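If you want the building blocks of each chain, they are given just below.
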Amino acid sequence: MGDVGYARDEVRRARYAVAAVFAVHGAVTGSFATRVPWIQDHASLGAGQLGFALAFTAFGASCAMPLAGRISHRFGSRTALRGLLTLWTLSLILPSLAPNLYTLCLAMFAYGATAGMADVAMNALGVEIERLLEKSIMSGLHGMWSAGALVGSAAGTLAAHLGSDARLHHALAAAALTLLGLLACNWVLDLQPAEDEEPPPRFALPPRSALLIGTVGFCAVFAEGASLDWSAVFLRDRLDGSAGLAAASTTGFMLTMAVARIAGDAVVNRFGAVRTVRAGGMLAVLGGLLIVLAGHPAVAMGGFALMGLGIAVVVPLCFAAAGHAGPNPSQAIAGVATITYTSGLIAPSLIGGVAQATSLVVSFCVVTVLASGLAVFAGVLRTAERGGRKEISPQATAVPDPRP
């Protein structure tokens, strides 16, 4: 460890700056998601072609995420995050410009690659700040991501309602979010490697610890992806709910997750990561049972709300555990992120396949079984508690520098 310290106020400013970065990252996702129908029409794609193109998002992210650690090592955390976040915000422009399937696939690959690299860089910084503060902050950071996604989706919904061209909408959104991201990056910590530290490999298999932690994240993201993409369909087709009620179920699920993540750090600091995830797994299972057994839309909506509440803090804690598990946080976080991205990719299609062969009820039985894995495997997150959960003492004027 270096003998240079960070002032307490500097670390706290860095925490708020990284929270703003998470919100900007989420706003890009929300802005894109609301204009997918416009992009589909502009490129003249069928449903199958659109699904094929969207799969390139996860493919691009999985290919590029291992590079984030090497970029941070080469340029330092602040410069790396500034560059990667800018690439991500500007990539929002690309999908709406694509005139056909082939160009949209390329656009989605670039969109996913920049998203994944920025994701790894900002989570690695969040883990370092959490280590310095000696208390959980990752749930709140991901809560800011969810809040940013909600703001971005609200603006996109308004733009779609007004009939605006997505190319203009995304160009304006990209410009505004790029500016906000650059401003926020001015206050993040600028971590530099030691002179004799070896750079991480360009590509490497994730460490074993990341694979175990990723298993927990896989269960949570599978439940999240299934609920986001299929909750409205479940209410409409299974329970004869109205279109408005079906849409409200999805919105309610997103709001539950956002609120739970923002409030989740207090719970984690009080009870620890393992007990929090075990309790969350039980809530998610209860929510799954309500969904499966529901005979009325209100019961299913309550089930989806409990599902969101139960899984909300799991992914942030998986990133935190990965970052604390070894000497190379970026590599471990990239490994966990790759597994969770894969889960988010396969969940909607697998749910649809099971529903086609059997029914949506059976599909959500699968979701409920996977949600139970949160309680079973929560113990692998014990490394997330090693960063400590104590507040900086009032007498402290500096905290240790995490640089080697």
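The shown structure was predicted, so the numbers you read here are calculated from the model rather than taken from an experiment.

Some thoughts on the layout of surface pockets
Argument step 1. Here the largest pocket defines a volume of roughly 2100 Å³.
Argument step 2. Together, 49 residues line the largest pocket, and T29, A33, W145, L228 and D229 are the ones closest to its centre.
Argument step 3. Top contributing element to the lining of the largest pocket by residue count: helix α10 (residues 208-239), with 8 residues.
Argument step 4. Split into classes, the residues belonging to the lining of the largest pocket amount to 28 nonpolar, 17 polar and 4 charged.

A look at the state of the cysteines
Argument step 1. The final tally for this structure, using the stated rule, is 0 disulfides.
Argument step 2. Lacking any disulfide linkage, C219 is separated from the closest cysteine sulfur, that of C318, by 9.1 Å.
Argument step 3. Relative accessible area serves as the criterion here: at 7%, C219 is assigned to the buried category.

Looking at the nonpolar core
Argument step 1. Formed by 110 residues in total, the largest nonpolar core has its most connected members in F234 and F364.
Argument step 2. It is helix α7 (residues 101-133) that contributes the most residues to this core, 18 residues altogether.
Argument step 3. Aside from chain neighbours lying at most four places away, what touches F364 is A226, S227, W230, F234, I291, V292 and F304.

Digging into unusual backbone geometry
Argument step 1. You will see that S44, though not glycine, has its phi angle at about 55 degrees, which is positive.
Argument step 2. Following the sequence through the fold, S44 ends up in the loop between α2 (36-43) and α3 (47-64).
Argument step 3. With a relative accessible area of 61%, S44 lands in the exposed category.
Argument step 4. Look at E134: it is not a glycine, yet its phi comes out positive at around 60 degrees.
Argument step 5. Within the secondary structure, E134 sits in the loop between α7 and α8 (138-161).
Argument step 6. Its relative accessible area of 41% is what places E134 among the partly exposed residues.

Focus on the packing of helix α5 (residues 77-91) against helix α9 (residues 166-185)
Argument step 1. Relative orientation of the contacting elements α5 and α9 amounts to 170 degrees, with a least axis distance of 9 Å. By the angle between their directions, the pair α5 and α9 is classed as roughly antiparallel. The segment α5 lies against α9, with R78, L81, R82, L85, T86, T89 and L90 engaging A174, L177, T178, G181, L182 and C185.
Argument step 2. Looking at side-chain class alone, the contact of α5 with α9 contains 7 nonpolar, 4 polar and 2 charged residues.

Remarks on the confidence of the model for the chain
Argument step 1. Looking at the chain as a whole, its pLDDT mean stands at 85, while 89% of the residues score no less than 70.
Argument step 2. Mean pLDDT values over the elements of the chain span from 38, in strand β2 (residues 398-401), up to 97, in α9.
Argument step 3. Note on residues 387-404: pLDDT is under 50 here. Beyond four places in sequence and across chains, it has 62 contacts.

Considerations on a nonpolar patch on the surface
Argument step 1. Taken together, the side chains of L283, L286, L290, V299 and L309 define a hydrophobic patch exposed on the protein surface, amounting to about 350 Å² of accessible area.
Argument step 2. Elements with a minimum of two residues in the nonpolar patch: α12 (273-293) and α13 (297-311).
Argument step 3. Considering every element that reaches the nonpolar patch, the biggest residue donor is α12, with 3 residues.
Argument step 4. Along the chain, L290 falls in helix α12.

Remarks on the packing of aromatic side chains
Argument step 1. For the structure on display, the rule yields 9 aromatic pairs.
Argument step 2. Residues F234 and F364 carry aromatic rings whose centres are separated by 5.4 Å and whose planes lie at 80 degrees to one another, so their mutual orientation is edge-to-face. On the criterion of sequence distance, the pair formed by F234 in helix α10 and F364 in helix α16 (residues 360-377) is long-range, its members being 130 residues apart.
Argument step 3. For F234, a relative accessible area of 1% translates into the label buried.
Argument step 4. F364 sits in the buried class, given a relative accessible area of 1%.
Argument step 5. Members of the aromatic cluster, connected to one another through ring pairs, are F52, F56, F59 and F109.
Argument step 6. Cation over ring: R74 sits above F75, and NZ or CZ is 4.9 Å from the ring centre.
Argument step 7. Taking NZ or CZ as reference, R270 lies 4.9 Å from the ring centre of F271, over its face.

Things to note about the environment of V18
Argument step 1. Relative to the helices and strands, V18 is located in helix α1 (residues 8-33).
Argument step 2. For V18, a relative accessible area of 1% translates into the label buried.
Argument step 3. Along the sequence, V18 and L141 sit 123 residues apart, while their C-alpha atoms lie 7.5 Å from each other.
Argument step 4. Not counting the four nearest positions on each side in its chain, V18 is found in contact with M122, L125, G126, I129, L141 and V188.

Some remarks on the pattern of salt bridges
Argument step 1. This model, assessed by the stated rule, comprises 4 salt bridges.
Argument step 2. Across the pair R131 and E128 runs a salt bridge, and its minimum N-O distance is 3.4 Å. Taken as a pair, R131 and E128 lie in helix α7 at a separation of 3 residues, close to a single helical turn.
Argument step 3. With a relative accessible area of 31%, R131 lands in the partly exposed category.
Argument step 4. Between D165 and R167 there is a salt bridge; the shortest N-O distance is 2.7 Å.
Argument step 5. Taking the relative accessible area as the measure of exposure, D165 reaches 27% and is therefore partly exposed.
Argument step 6. Assessed through its relative accessible area of 35%, R167 is described here as partly exposed.

About the criteria used
- Residues numbered from 1 in each chain as written.
- Predicted model: local features only at pLDDT ≥ 70, side-chain atom pairs only at ≥ 80, totals over all residues.
- Heavy atoms only, no water.
- 1 Å grid on protein atoms, 1.4 Å probe; cavity = no way out; pocket = protein on both sides within 12 Å on 5 of 7 lines; lining within 4 Å.
- Points joined across faces, edges and corners; volume = space filled by probe spheres on them.
- Helix = DSSP H or I, 4+ residues; strand = E, 2+ residues; numbered from the N terminus.
- Nonpolar A, V, L, I, M, F, W, Y, C, P; charged D, E, K, R; others polar.
- Disulfide = S-S within 2.5 Å.
- Buried < 20%, exposed > 50% of the residue type's maximum accessible area, 1.4 Å probe, protein only.
- Core = buried A, V, L, I, M, F, W, Y, C linked by side-chain atoms within 4.5 Å.
- Contact = heavy atoms within 4.5 Å.
- Axes fitted to C-alpha atoms, helices over the stretch in contact; angles between N-to-C directions.
- Parallel < 35°, antiparallel > 145°, perpendicular 65-115°, else oblique.
- pLDDT = per-residue confidence, 0-100.
- Patch = residues over 30% accessible without salt bridge, like charges linked within 9 Å, V, L, I, M, F, W, Y side chains within 5 Å.
- Areas by Shrake-Rupley, 256 points an atom, 1.4 Å probe, with all protein chains shown as cover.
- Salt bridge = Lys/Arg side-chain N within 4 Å of Asp/Glu carboxyl O.
- Phe/Tyr/Trp six-rings, centres within 6.5 Å; stacked < 30°, edge-to-face > 60°.
- Lys NZ or Arg CZ within 6 Å of the ring centre and 35° of its normal.

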